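Architecture and fold: a report
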2 protein chains.
Amino acid sequence: MGVLIVGTVTLDTVETPSNRVEDVLGGSGVYAAVAANFFKSSVQLVGVIGADFPRSYTNFLETQGIDLQGLERIANGKSFRWGGRYAENFNVRDTLFTELNVVSDFHPVLPDAYKKAPYLFLANNSPVLQLSIIEQATDPKLIVCDTMDFWINEEREALEALLARVDVLVLNDSEAQLFIGDSNLMRAAQAILRYGPKRVIVKKGEHGAISVTKSSFFSAPAYPLTRVTDPTGAGDSFAGGMMGYIAAVGDTSEATIRSAMIYGTVIASFNIEDFSVNRQKCVQFSEISSRYDELKEAVHF
Amino acid sequence: MGVLIVGTVTLDTVETPSNRVEDVLGGSGVYAAVAANFFKSSVQLVGVIGADFPRSYTNFLETQGIDLQGLERIANGKSFRWGGRYAENFNVRDTLFTELNVVSDFHPVLPDAYKKAPYLFLANNSPVLQLSIIEQATDPKLIVCDTMDFWINEEREALEALLARVDVLVLNDSEAQLFIGDSNLMRAAQAILRYGPKRVIVKKGEHGAISVTKSSFFSAPAYPLTRVTDPTGAGDSFAGGMMGYIAAVGDTSEATIRSAMIYGTVIASFNIEDFSVNRQKCVQFSEISSRYDELKEAVHF
């Protein structure tokens, strides 16, 4: 079944202690779509690019089988550009620049073929825009959204309205703590459930992720990577991989979501091994399965 | 079988955002011994106290069945006193004072009955002292030691000599990163193995713990606590609980050590729920088993 992904499609400049890349393919929508696409579900991407966006990038996404009907190209616009720099330990990231360009005036209208998508992933974005997508969807089976500190601080009311409409909220640990104002992550996650989502998934970077519902708790390990090149997009790869697996299985049971989180973890681990989606381009599904099995063994007792 | 624990026995003053206790029973040796003691192994404690150490505290340890033959009371000495203050999120701890007193001149001599102990836990201490214990032990089956940044910075040579003699090193994530000078935890843990230990166990606080050997990787989840009163002693409760379980089972297989780490995690979770060893005093083994089962369910996929 199909996954609808709404997110950014960007040109990224990334500096790490040992390397630098410029205007590479990036954005939450791209990372999530490429990850979801590993599961042979139909993946539909909604986003916006400018006239300057390289054809080679959109060609790549299309040859992967990602549906770009919902990717709008603004003839006289410039693409979203983001620049970031990582410090030595990759836990601290400085944003060097954010040029919203075409994104600042984007009001997505779903193509008819997208409206019936059963699985929706609304990557980090304005909660107003995220809500407008939900209102266009006719048969959602699972709505998952991400958010960030900016919206928590600046668009609290709209974010709360959004949370009343989604099934799963995915966010970072610091964001969960900020939203509730409680440094205890478990309490913060439980408190978020009261805003509406049936499940809160908290991403903890190198410490894995947790999933909390009223009646369940799941602790997903991180994959023990020794080679970190660029963490950009890891969170969106995680969520996208999760959505791709859920759509492929076609149910939203606790067991499916747990496996989906592990697949998301594995795809994020590959993502981190190179810039942009370079590593994903050459990952075989057997490699994904193999890391999945490694993680199963790593938590067994 | 028996667990020999060498650590501090202290009077602690702890301040948290909502509470303060003074001169309560504490110390790495106490936390580890009380934790190990849940498994009905014989627990032998080596440490030193002053004339001022309350009889009620030693009586408590004795009535628990902990062997205090190795606990030296210095007639004209003062006990080790430590004071610490936790900030709002419990992740930052300021040491308010450290009065070593009788500990500064302590050169432990094992009672004959202790020398044959098969399972040794050498809590954080000078590596020279830790080595002197190993040299007195006649039949060790498993030697586990802890350390901290102070020894890594100030006694590197002795610490390296110690590592060549121990089976397992237990330390915090920041300490592992400091020892190797690598912020990637997995690489740091792997690099520590080259100094001698067959296994490195890295404690990550609220993010659980990992165990790394040349051929295995285990990720232990944290117990999802919502009630945190005082984290003091959590690391020693973890290690002590682990040792108690290993001694009770009587082997050091991968499977035993994984279960032992989970039992250690559970006992540490109780430890955190109250000051000193107050929570442990009233924990039933059925409660420990119940949290063990919860963690099994929490990582299952």
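Rules used throughout
- Residues numbered from 1 in each chain as written.
- Chains lettered and ligands numbered in written order.
- Predicted model: local features only at pLDDT ≥ 70, side-chain atom pairs only at ≥ 80, totals over all residues.
- Axes fitted to C-alpha atoms, helices over the stretch in contact; angles between N-to-C directions.
- Helix = DSSP H or I, 4+ residues; strand = E, 2+ residues; numbered from the N terminus.
- Parallel < 35°, antiparallel > 145°, perpendicular 65-115°, else oblique.
- Left-handed = near helix turned anticlockwise from the far one by under 90°.
- Contact = placed C-beta atoms within 7 Å.
- pLDDT = per-residue confidence, 0-100.
- Least-squares fit on C-alpha atoms with pLDDT ≥ 70 in both.
- Buried ≥ 20, exposed ≤ 12 C-beta atoms within 10 Å, placed from the backbone.
- Pairing = 2+ DSSP bridges.
- Expected span 1.5 Å × (residues − 1).
- Nonpolar A, V, L, I, M, F, W, Y, C, P; charged D, E, K, R; others polar.

1. Some words on the packing of helix α4 (residues 127-136) of chain A against helix α6 (residues 156-163) of chain A
Any two packed helices are characterised by the angle at which their axes cross and by the distance between the axes. Residues and elements named next belong to chain A. Axis separation between α4 and α6 bottoms out at 8 Å; the angle between their running directions is 30°. Judged on the interaxial angle alone, α6 and α4 are roughly parallel. Where α4 crosses over α6, the handedness of that crossing is left-handed. In this structure, α4 uses P127, V128, Q130 and L131 to contact α6, whose residues at the interface are A158, L159, A161 and L162.

2. Quick look at the environment of F150 of chain B
Here F150 of chain B lies in helix α5 (residues 149-154). Taking the C-alpha atoms as reference, F150 of chain B lies 25 Å from T265 of chain B; in sequence the two are 115 residues apart.

3. Brief notes about the confidence of the model for chain A
The predicted model of chain A has a mean per-residue pLDDT of 96, with 100% of residues at 70 or higher. Per the prediction output, this complex has pTM 0.96; the corresponding ipTM is 0.95.

4. Description of the relation of the copies chain A and chain B
Placing chain A over chain B gives an RMSD of 0.0 Å and needs a rotation angle of 180°, together with 0.0 Å of translation along the axis. Within this description, the copies of the chain are treated as partners about a two-fold rotation axis. Taken together, the interface assignments show that 100% of the residues at the interface of chain A recur at the interface of chain B, consistent with an identical surface on both copies.

5. Observations concerning the pairing of strand β7 (residues 93-99) of chain B
Along β7 of chain B, only 0 of the 7 residues are buried, which leaves the element largely exposed. Linking two consecutive strands that pair antiparallel, namely strand β6 (residues 81-86) of chain B and β7 of chain B, is a turn of 6 residues; a positive phi of about 65° is found at F90 of chain B within it.

6. Some points on the sheet that holds strand β2 (residues 10-16) of chain A
Residue and element names in this part refer to chain A. With mixed pairing, 4 strands are arranged side by side in an open sheet as β3-β2-β6-β7. Each edge of the sheet is formed by a strand with only one pairing partner; in this case those strands are β3 (19-26) and β7 (93-99). Across this sheet, the average inter-strand angle for adjacent strands is 15°, counted without regard to direction.

7. Overview of helix α9 (residues 234-249) of chain B
All names here are of chain B. Its 16 residues give α9 an end-to-end C-alpha distance of 23 Å, which sits within 8% of 22 Å, the value for a rise of 1.5 Å per residue. Burial within α9 is extensive, with 14 of its 16 residues counted as buried. Just downstream of α9, G250 is the residue with a positive phi angle, here 85°.

8. What to know about the interface of chain A and chain B
Counting residues at the interface gives 22 residues for chain A and 22 residues for chain B. Its residues placed into classes, the side of chain A that touches chain B shows 11 nonpolar, 7 polar and 4 charged.

9. Description of the environment of V102 of chain B
All names here are of chain B. Residue position: V102 is located in the loop between β7 and α3 (112-115). Considering only alpha carbons, one finds V102 and N278, 176 residues apart in sequence, at a separation of 25 Å. Here V102 is in contact with V48, I49, G50, I74, G77, K78, S79 and F80, once residues within four sequence places are set aside.

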